[in-house]
Amino acid sequence: MSEVGDSSSSAYERLIGADRVSGRLYTDPDVFERELERIHHRGWMFVGHESEVATPGEFVTRRLGRQPVLLTRDDTGAVRLWSNRCPHRGATVCALDQGHTRFFRCPYHAWTFDNAGALVALPGEEGFGPTFNRDTHGLAPVPRMDTYRGFVFGSWSHEGQTLTEHLGNARDLIDRACDVSPVGEISLRAGWLRHRIGANWKMAAENVCDFYHPPITHGSSGLMGGVPPDYFTDAYGGVTRDLGGGHGEVDYRQTEGGPQTGLGPHGFIFPNLFIEASSIFVIHPVSVSEMTHLQTPITWVGLPEKMQRPQSRRFAMAFGAAGVIEPDDAATWERMQLGLQAGEPEWVVLERGVQYDHTREGRALDEIAMRGFWRHYRLLMTDEAAVR
Amino acid sequence: MSGIEELLEQQRVEQLLFLEARLIDERRFAEWEALWVEDGIYWVPANGDDTDPRSQVSLIYDNRSRMHNRVERYVGGKAISQQPPPRTVHLVSNVTIELAASDGTVDGDVSLVIHSTVQVAESRPGVRVDWVGRVIHHLVEREGALRIIFKKVLLVDNDQELTTIDFLL
Ligand code: FES
Ligand SMILES: [Fe+2]
């Protein structure tokens, strides 16, 4: 039986309060299974960027939730998203992270698919008899795929909100990330650093809009050197915003020289995409107590090299399993995962700035976007209508 | 080079690599830094061994000032990932002198190109990981001593998901 004791919707209503959530939501394997079913294997999730498969034949493999997928650019130039699973007996048809090919040949019985998913060859086809139909044995597309300004999203559900509806106000984050480029285009071709962290995925999601922690957690990084002492205080300015739909951002555009050192926005697109000024982060859930944090620097098409360079330097120093910023975040989340094994007190506190909740916008250090995350999460975990 | 000279050269190189490993494990970072020349590069590629560090992400691509920044974190007392610091033991082996200026196989500033292998046992609370890789050192003679100008660590799993590396490889 679940630690939650009762997996009904009303149990989740009790576990997720307006300004506090139960620590069990980070530690109970049954909660994790329900999240996969209702969030990661149903709603829209970021999967990659069109620039990663810029030319026909290019492909990358990813996970969408727990399921392996294959993003290709077919010979007509269309971007396609497939289950990375042979329709014959289920082996992955592609074992590489990325590459270029016209054909995917399954290692088991050599069923061979083109980059538009069609079954184009198999050994001993006549043995399957006259009723065998290649057309019904192609690669299975992920039920829904859509893109916004080159950002590719997928959903395992055949129906539900459109991508536009899902993104809602968060489209503005993608717009601002792209519009740093004079031609409005970004490129992600530097490869990904993939950091395995022993903590629940929601800790990374919430942390995006936690500007209460940086001067403490990242006090050692050296990248904080030279910033005014009141940088991460309420007095300094900046706002945090609950964008609805579980999305959120921290925004210092109104504050001259605010602590966002990169060029783009700083925000979270539910449930797995973090646009971090000049980098893209993706949160992969692995188990209730493990995630993988994928990270890559943004290249802005057409932006002068001298504006681009400091950003990629900052990425190189700060991020990945061996950066000077990321390991401290990871260590913090791993400490949370350990601490939350203690069942008392039951609650995790999210009270900072509740007085601003009616406006959905608070001071930069407030926990407003986190509460927005949980409000949406609660809806998905409890409401039957909302998830269909 | 005579046989004896070759043996002595091999010995000298190995002693440097062993010393480097020991300084890291004993957290004698100032002495570790002193093994390097000012224009040194410490590189740990990701997603393969022969990537272009300017256009592709690396796990680590440090010049000397970044190396300094990195070790300052280790001793500064503020980094959460260093509370407590990971304990490491480096096992260095398979040391071969790949190229040497003395036999004309390298030119420019570099005196020796050394290949070796390293296994690093890492321990921190709840975590015990073994890191394994091939290592390439470029060494130069400066003021009569061998010093490191370039170190590239090719982790066997650099194309996989990796846990935190908050220590020197
Ligand atoms: S499982 Fe792929 S060809 Fe048989
Ligand atoms: Fe952080």
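Residues numbered from 1 in each chain as written. Chains lettered and ligands numbered in written order. Predicted model: local features only at pLDDT ≥ 70, side-chain atom pairs only at ≥ 80, totals over all residues. Heavy atoms only, no water.

Q: Could you clarify how one ought to interpret the overall build of chain A in this entry?
A: For chain A, the helix and strand inventory stands at 10 helices and 22 strands. Against the 2.2 N^0.38 benchmark of 21 Å for 388 residues, chain A shows a C-alpha radius of gyration of 22 Å, consistent with a compact globule. C-alpha atoms of chain A, sized along the principal axes, occupy 75 × 55 × 35 Å. Every one of the 388 residues in chain A was classed for burial, and the buried ones make up 57%. A separation of at least 24 residues holds for 61% of the contacts in chain A among residues at least 6 apart in sequence. With 38 positive and 50 negative side-chain charges, chain A shows a spacing of 3 Å between the two charge centroids. (Helix = DSSP H or I, 4+ residues; strand = E, 2+ residues; numbered from the N terminus. Rg over C-alpha atoms; globule rule 2.2 N^0.38 Å. Buried < 20%, exposed > 50% of the residue type's maximum accessible area, 1.4 Å probe, protein only. Contact = heavy atoms within 4.5 Å. Lys, Arg positive; Asp, Glu negative; His and termini not counted. Charge placed at Lys NZ, Arg CZ, Asp CG, Glu CD.)

Q: Can you walk me through helix H3 (residues 64–76) of chain B in this structure?
A: Every α-helical turn comprises 3.6 residues, leaving residues that sit three or four positions apart pointing alike. The terminal C-alpha atoms of H3 of chain B lie 18 Å apart, and with 13 residues this matches the ideal 18 Å at 1.5 Å per residue to within 8%. Check the buried side of H3 of chain B and you find it contacts helix H7 (305–318) and helix H8 (326–339) of chain A together with helix H2 (29–34), strand E1 (36–45) and strand E2 (58–62) of chain B. Backbone geometry just after H3 of chain B places Gly77 of chain B at a positive phi near 80°. (Expected span 1.5 Å × (residues − 1).)

Q: Whenever I open this one, the coordination of the iron ion (ligand 2) confuses me. Can you help?
A: Reference values for coordination geometry: four tetrahedral donors around a metal ideally subtend 109.5 degrees, six octahedral donors ideally subtend 90 or 180 degrees. Residues and elements named next belong to chain A. At this site the iron ion (ligand 2) is bound by His213 (NE2), His218 (NE2), Asp329 (OD) and Asp329 (OD), with donor distances of 2.1 to 2.5 Å. Geometry at the iron ion (ligand 2) is irregular, judged from the four donor atoms that bind it and their angles of 56 to 152° at the metal. Spacing between the donor residues of the iron ion (ligand 2) along their common chain follows H-x4-H-x110-D. Of this pair, His213 sits in the loop between helix H5 (201–207) and helix H6 (214–217) while Asp329 sits in helix H8, placing them 116 residues apart in sequence. The pair formed by His213 and Asp329 is uniform in burial state, with each residue classed as buried. (Donors = N, O, S within 2.8 Å, 3.2 Å for Na, K, Ca; no water. Tetrahedral: all angles 85-135°; square planar, octahedral: opposite > 155°, others 65-115°.)

Q: Please clarify how the pairing of strand E13 (residues 193–197) of chain A should be interpreted in this entry.
A: Both faces of the sheet carry side chains from a regular strand, because those side chains alternate between them. All names here are of chain A. Of the two faces of E13, the one holding Leu193, His195 and Ile197 is buried and the one holding Arg194 and Arg196 is not buried anywhere. In this sheet, strand E19 (residues 290–297) lies alongside E13 in antiparallel orientation, the contact comprising five bridges. Bridge pairing links Leu193 to Gln295 in E19. (Pairing = 2+ DSSP bridges.)

Q: Whenever I open this one, the sheet that holds strand E4 (residues 67–73) of chain A confuses me. Can you help?
A: Backbone-to-backbone hydrogen bonds join strands into a sheet, with any given pair of strands oriented parallel or antiparallel. All names here are of chain A. Across the sheet, four strands lie side by side as E5-E4-E3-E6; this open sheet has antiparallel pairing. Each having just a single partner strand, strand E5 (79–83) and strand E6 (98–100) make up the two edges of the open sheet. The average angle at which neighbouring strand axes cross in this sheet is 25°, direction not considered. With five bridges connecting them, E4 and E5 associate as antiparallel partners. When the sheet's bridge partners are listed, Leu71 is paired in E5 with Leu81. (Axes fitted to C-alpha atoms, helices over the stretch in contact; angles between N-to-C directions.)

Q: What should I look at first to understand the nonpolar core in this one?
A: Counting residues in each nonpolar core, the largest one holds 94 residues, and the members touching the most others are Leu59, Ile165 and Leu169 of chain B. The dominant element in this core, judged by the number of residues it contributes, is helix H9 (residues 368–382) of chain A, at seven residues. Setting aside residues up to four positions removed in sequence, Leu59 of chain B forms contacts with Leu193, Ala321 and Ala322 of chain A together with Val44, Pro45, Ala46, Leu155, Asn158, Leu162 and Ile165 of chain B. The next biggest cluster of nonpolar side chains, apart from the first, holds 26 residues, and it includes Phe153, Ile269, Ile275 and Leu294 of chain A. (Core = buried A, V, L, I, M, F, W, Y, C linked by side-chain atoms within 4.5 Å.)

Q: Whenever I open this one, the sheet that holds strand E15 (residues 247–251) of chain A confuses me. Can you help?
A: Residue and element names in this part refer to chain A. Pairing is antiparallel across the open sheet formed by eight strands, whose spatial order is E13-E19-E18-E17-E16-E15-E14-E22. Each edge of the open sheet is held by one strand with a lone partner, namely E13 and strand E22 (361–363). When the angles between neighbouring strand axes are averaged without regard to direction, this sheet yields 15°. Sitting on the sheet, H8 is in contact with E13, strand E18 (279–287) and E19, with an inclination near 25° to E13.

Q: Quick question: what am I supposed to make of the packing of aromatic side chains here?
A: How two aromatic rings sit relative to each other is set out by the distance from centre to centre and by the angle between their planes. All names here are of chain B. Under the criterion given, the structure shown has 25 aromatic pairs over all chains. Relative to Tyr42, the ring of Trp32 has its centre 6.2 Å away and its plane inclined at 75°; by these criteria the two rings are edge-to-face. Here Trp32 is found in helix H2, whereas its partner Tyr42 is found in strand E1, with 10 residues between them in sequence. Trp32 sits in the buried class, given a relative accessible area of 0%. Geometrically, the ring pair formed by Trp131 and Phe167 is edge-to-face, given 6.1 Å between the ring centres and 65° between the ring planes. One end of the pair, Trp131, is in strand E5 (residues 127–142); the other, Phe167, is in the segment after strand E6 (145–155), and 36 residues separate them in sequence. (Phe/Tyr/Trp six-rings, centres within 6.5 Å; stacked < 30°, edge-to-face > 60°.)

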